[in-house]
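Structure at a glance
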Amino acid sequence: MAQRLRQLSPSPGGLAAGLLVLLILGTLAAVATHAGGLSALGPWDWRAVWFTLWQAALSATVSAVLAVPVARALARRRFGGRALLITLLGAPFILPVIVAVMGLVSVFGRNGLVNDLLGAFGLAPLSIYGWQGVILAHVFFNLPLSVRMILHGWQAIPTERFRLAASLGFGPGDIARHLERPMLREVLPGAWLAVFLVCLTSFAVALALGGGPGATTVELAIYQAFRFDFDMGKAATLALVQVGLCVAALALASRVSRPAGFGAGLDRDTPLPAPAGWRRGADAGAILLAAGFLLVPMLAVILQGAPGLAGLPGAVWAAAGRSVVMALISAMAALALALALAQVIAGGRAWAELAGMLPLVASPLVLGTGLYLLLRPLVSPTALALPVTVAINAVMALPFALRILIPAARSLQADYGRLADSLGLRGLARLRLLTLPRLARPLGFAGGLSAALAMGDLGVITLFADSRNPTLPLKLYQLMNSYRMGDAAACAVLLMAISFALFWLFDRGGRIHAAL
Amino acid sequence: MRHALLALLASTTPALAAGPEFTVYAPEYFASEWGPGPKIEAGFEAICDCDLVFVTGDVLPRILLEGEGTKADAVIGLSMDQTLRARDSGLFAPHVQDISGLTMPLTWDDPIFLPFNWSETAFIYDETRLADPPHSFHELIEAPDDLKIVIQDPRSSVSGLALLMWMREVFGSEGNAEAWEKLKPKILTVTQGWSEAYGMFTEGEADMVLSFTTSPAYHIGAEDDATKHAAIFEEGHYLLAELAAQVKTSDQPELAQKFMEYILSPDFQGMIAEANWSYPSKLPDDRLPDYFAALPRPAITLWLPEDEAEALRKPLLDEWLSVFAN
């Protein structure tokens, strides 16, 4: 009875979910109202919807399939520099799109490393331009996310279960059947969904590597409606299509996902069983291939830009300082929101999960325009530029933070919820004694991801930009648009370094705290 | 956390300048220290007794959203494909400037939109990588398919859209689709904006990039690199100008007039070449930097009036999309 009463009263998480729905659908409605209704889509728009859908599904599937062996290898092998490698492998996800594309081109492009090697052996060159380039880039971006989410799944299996398996004489095949596959059944749909949704709204990548307008995504169609046709009704319709795809994908993923039900363990840090023989070689291969694929393009970006770092003008450094402050605030806001939401979702309210995923598919352009229409009668948009950027970045990072926290919050609820309830542990004490320590690791990862994402995001500069107080990504954009490609490359390295430092600090903090 | 918030607030306090605020909407690239904005701001504030504030973003969509309630006194940086919709909105007032002495390769007689710089679309190449560039558009489309070019998407980029018009003018309504079919295998990729495409070219990924006849000036003037050239085509090149206009509802029409006047002044015009890497709209060649004046120029300038360009936009886009669809 008490349980039910508590569910009916408004909780911070429920409130946060409500606000999110209001923000995403409210801005969409504002744009549609301004346009006097929704407009119909043409045949090219439907083509864009179709391309968006299949490339996102394929990118997500490839990322998930490749991530499983890498995550398993990282989970069961111990080697020097393992922790650093895990952190480094997360880096591509936080790269600004244009920087990553440049890195990929210098490795897989016409004059790239791979084609030079192929040429040396007399083999035909590969082309990165076309749908395969789009998938390659999306896997490059999202493999890190998938690996980390699946790795957390492996780490969440209590080591007692592996010890039990060992005492029952389980071989690797039995462990896979009884422990690993149930875990994957729980974790993979979420990981797939996250990548699918990221790829759904991708637009610059698809275009730069797509090789032509065949690789048009819905988001580009929205941009065209906004910039060239000034057809806000069409922009709103397309944004609605994206939201619809999100809801459908979420429903699908939640049908496939099954809780593994391992129960609680004693948190002993015993390493997982590491089978010898060919599996050892396969694990080493998976780690090496993933590291090469993810790190070499980043190295290319660094080599290109690092020499120019010292020569960057002072304004770039000032922008960097401003961006760090904004990223920290965004990350804190995203974490607070995500924690509140994750607990509500773990408590069994599925609609809150949908609300938390919505920002992923919200078109930044429509969100920005809607906010602009709603806020402009009240305050000057220029004065709001920085706060709106901070808030939007927090909201945009929220789905990732949430995807990381939900599985952990669910096990926490299942394993310790009743005990904590029977002890009357609630409010701040529960947060301090139970929630924060148990969730420290995913919280650190989620915070790092949010900060890094906020650091690299341009925000909605088409309507909310404060040119007197530019952020670092805006500086990068301005440099590129003034022919200063060399300075832009240096600026990209700076952006990458700061994003990575923020990510590392949070992630590290979470792991140290978890070890206590 | 609180300190962080304070720091953020402190950093948003605008710089103090004397006089009333004069608001000009401009594109994002404009107001950075590498664009023309800061010089224009200093120059105008020296004579206007006002505080010129650039508000940056997507100029026309923004002002169309705001309608008559806009706070803008003037706009700068509209592109030529936008003038029809801007004119139809009725939000802009005549510039009332004498535009008989403009130094542009066409007669400009628009009473509302005032050009402040111009250039022409062109494919840029690097002589160290492409020794024998095409001399005409026909040569380009007949070139071997391993000549790789990067262009911008006409649905998201002004220069990409200009390429549609340019080819239509060169090949006519009959031959245009076929010309695109021949060009298609040479197109390495189509980027969202100019900067990604240009970056791919400077990286050495593509042999030629769709840019402007004035692009080589940046490499000569700022990098001392004379290896980048615009391939000049005998059929002519498509003109692109950037425009300014004063807003009808401005409560400071005198200042707006003064700003229009300032745009055509030698002070403003003199800084355009090296701040915007394009030709100023009213400046004799002998006032340009020598290397700038010496850039090769096309013999023929192509250009479509706004109503013709707007009427062609959708059919040309459909044609372009169809060529790439199969």
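Parameters at a glance
Residues numbered from 1 in each chain as written. Chains lettered and ligands numbered in written order. Predicted model: local features only at pLDDT ≥ 70, side-chain atom pairs only at ≥ 80, totals over all residues. Helix = DSSP H or I, 4+ residues; strand = E, 2+ residues; numbered from the N terminus. Rg over C-alpha atoms; globule rule 2.2 N^0.38 Å. Buried ≥ 20, exposed ≤ 12 C-beta atoms within 10 Å, placed from the backbone. Contact = placed C-beta atoms within 7 Å. Nonpolar A, V, L, I, M, F, W, Y, C, P; charged D, E, K, R; others polar. Axes fitted to C-alpha atoms, helices over the stretch in contact; angles between N-to-C directions. Parallel < 35°, antiparallel > 145°, perpendicular 65-115°, else oblique. Left-handed = near helix turned anticlockwise from the far one by under 90°. Domains from an automatic or database assignment. pLDDT = per-residue confidence, 0-100. Pairing = 2+ DSSP bridges. Expected span 1.5 Å × (residues − 1). Bend = angle between axes of the 7 residues up to and from the residue. Core = buried A, V, L, I, M, F, W, Y, C linked by C-beta atoms within 7 Å.

**Some points on the overall build of chain B**
Looking only at helices and strands, chain B features twelve helices and twelve strands. Taken over the C-alpha trace, chain B has a radius of gyration of 21 Å; the compact-globule value for 326 residues is 20 Å, and the two agree within 12%. Within chain B, the fraction of its 326 residues that count as buried is 49%. Look at the contacts in chain B between residues 6 or more apart in sequence, and 79% of them connect residues 24 or more apart.

**Observations concerning the overall build of chain A**
In terms of regular secondary structure, chain A is built from 20 helices and zero strands. Taken over C-alpha atoms, the radius of gyration comes to 23 Å for chain A, in line with the 24 Å a tight globule of 516 residues would show. With respect to the three principal axes, the spread of C-alpha positions in chain A is 70 × 65 × 50 Å. Residues counted as buried form 53% of the 516 residues belonging to chain A.

**Regarding the interface of chain B and chain A**
A common measure of how large an interface is: the accessible area buried when the components associate. Each side of the interface is counted separately: chain B has 48 residues, and chain A has 53 residues. Of all the secondary structure elements, the ones that give two or more residues to the side of chain B that touches chain A are α1 (2-11), β2 (51-56), α3 (59-66), β7 (187-191), α7 (194-202) and α12 (306-325) of chain B. A breakdown of the residues in the side of chain B that touches chain A according to their chemical character gives 23 nonpolar, 14 polar and eleven charged.

**Things to note about the packing of helix α11 (residues 218-227) of chain A against helix α12 (residues 232-256) of chain A**
All names here are of chain A. Between α11 and α12, whose axes approach to 8 Å, the crossing angle comes to 165°. In terms of orientation, α11 and α12 fall into the roughly antiparallel class. Pair α11 / α12 crosses with left-handed handedness. Taking contact as the criterion, the partners of Val218, Ala221, Ile222, Ala225 and Phe226 in α11 are, on α12, Lys234, Ala235, Leu238, Ala239, Val241 and Gln242.

**Things to note about the domain arrangement of chain B**
Residues and elements named next belong to chain B. If you check the domain split of chain B, you get domain 1 (2-118 + 240-293) and domain 2 (120-239 + 298-324). The straight-line distance from the C-alpha centre of domain 1 to that of domain 2 is 27 Å. Counting residues at the interface gives 16 residues for domain 1, matched by 20 residues for domain 2. Secondary-structure elements contributing two or more residues to the side of domain 1 that touches domain 2 are α4 (83-88), β10 (237-247) and α11 (290-293).

**Digging into the confidence of the model for chain A**
Looking at chain A, pLDDT values average 82 and 93% of them are 70 or higher. Every residue in residues 1-8 of chain A is under pLDDT 50, and counting partners more than four places away or in other chains gives one contact.

**Some thoughts on the pairing of strand β8 (residues 208-212) of chain B**
Residue and element names in this part refer to chain B. Counting buried positions over the five residues of β8 gives five, a clear majority of the element. Pairing of strand β5 (residues 114-126) with β8 involves five bridges; the strand directions are antiparallel. Bridged to Ile124 within β8 is Val209. When strand β6 (residues 149-152) meets β8, the two strands line up parallel, connected through two bridges.

**Concerning helix α17 (residues 381-422) of chain A**
Residue and element names in this part refer to chain A. In this model α17 runs just 50 Å from its N-terminal to its C-terminal C-alpha over 42 residues, more than 12% under the 62 Å that 1.5 Å per residue would give. Along its length, α17 reaches its greatest deviation from straightness, about 55°, at Tyr416. Gly424 occupies a position one or two residues after α17 and carries a positive phi of about 70°.

**Observations regarding unusual backbone geometry**
All names here are of chain B. Even without being a glycine, Val96 presents a positive backbone phi close to 50°. Relative to the helices and strands, Val96 is located in the loop between β4 (92-93) and β5. Overall, Val96 belongs to the partly exposed group, with 13 C-beta atoms counted inside 10 Å. Unusually for a residue other than glycine, Trp277 sits at a positive phi of about 50°. Within the element layout of this structure, Trp277 appears in the loop between α10 (266-276) and β11 (279-280).

**A word on helix α15 (residues 350-361) of chain A**
Residues and elements named next belong to chain A. In this model α15 runs 18 Å from its N-terminal to its C-terminal C-alpha over twelve residues, within 8% of the 16 Å that 1.5 Å per residue would give. Of all twelve residues in α15, nine are buried; the element is thus mostly enclosed. Taken residue by residue, α15 has Ala352, Glu353, Ala355, Gly356, Met357, Leu358, Pro359, Leu360 and Val361 as its buried positions. Buried residues along α15 sit in contact with α2 (12-35), α9 (172-200), α12, α14 (314-346) and α17.

**Brief notes about the packing of α2 of chain A against α12 of chain A**
All names here are of chain A. Here α2 crosses α12 at 150°, and the two axes come no closer than 8 Å. With respect to α12, the axis of α2 lies roughly antiparallel. Seen along the crossing, α2 lies across α12 with a hand that is left-handed. Between α2 and α12, the contacting residues are Leu28, Val31, Ala32, His34 and Ala35 on the first element and Met232, Gly233, Ala235, Ala236, Ala239 and Leu240 on the second.

**Description of the environment of Gly190 of chain A**
Mapped onto the secondary structure, Gly190 of chain A falls in helix α9. Remark: the alpha-carbon pair of Gly190 of chain A and Leu494 of chain A, spanning 304 residues in sequence, is separated by 32 Å.

**With respect to the domain arrangement of chain A**
Residue and element names in this part refer to chain A. When its domains are assigned, chain A resolves into domain 1 (12-41 + 312-516) and domain 2 (42-262 + 281-302). Once you take the C-alpha centre of each, domain 1 and domain 2 turn out to be 20 Å apart. If you look at the interface, domain 1 gives 42 residues, while domain 2 gives 45 residues. Contributing elements (two or more residues each) for the side of domain 1 that touches domain 2: α2, α15, α16 (364-375), α17, α18 (427-456), α19 (472-480) and α20 (485-515). The dominant element in the side of domain 1 that touches domain 2, judged by the number of residues it contributes, is α20, at nine residues.

**Examining the nonpolar core**
With 271 residues, the main nonpolar core has Ala338, Ala401 and Leu405 of chain A together with Val75 of chain B as its most contacted residues. Not counting the four nearest positions on each side in its chain, Ala401 of chain A is found in contact with Ala334, Leu335, Ala338, Ala446, Leu449 and Ser450 of chain A.

**Brief notes about the pairing of β5 of chain B**
Residue and element names in this part refer to chain B. Extensive coverage of β5 is indicated by the burial of 13 of its 13 residues. Judged from the six bridges that link them, β5 and β10 form a sheet pairing that is antiparallel. Bridge pairing in β10 links Glu120 to Leu239. Looking at chain direction, β5 and β11 are connected through two bridges and run antiparallel. Bridge pairing links Trp118 to Tyr279 in β11. Pairing of β5 with strand β9 (residues 228-231), which is carried by four bridges, proceeds in the antiparallel orientation. Pairing of Asp126 across the sheet is with Lys228, part of β9.

**Considering the confidence of the model for chain B**
Note: predicted coordinates in regions of low pLDDT should not be interpreted at a detailed level. Residues and elements named next belong to chain B. Of the residues in chain B, 94% reach a pLDDT of 70 or more, and the chain-wide mean stands at 90. Contacts from residues 1-15, a stretch scored under 50 in pLDDT, to residues over four places away or in other chains number 15 contacts. Overall fold confidence for the complex sits at a pTM of 0.85, while the interface term, ipTM, reaches 0.82.

**What to know about the environment of Ala492 of chain A**
Residues and elements named next belong to chain A. Following the sequence through the fold, Ala492 ends up in helix α20. Looking at Ala492, the number of C-beta atoms within 10 Å reads 28, which means it is buried. Separated by 16 residues in the primary sequence, Ala492 and Leu476 have C-alpha atoms spaced 6.8 Å apart.

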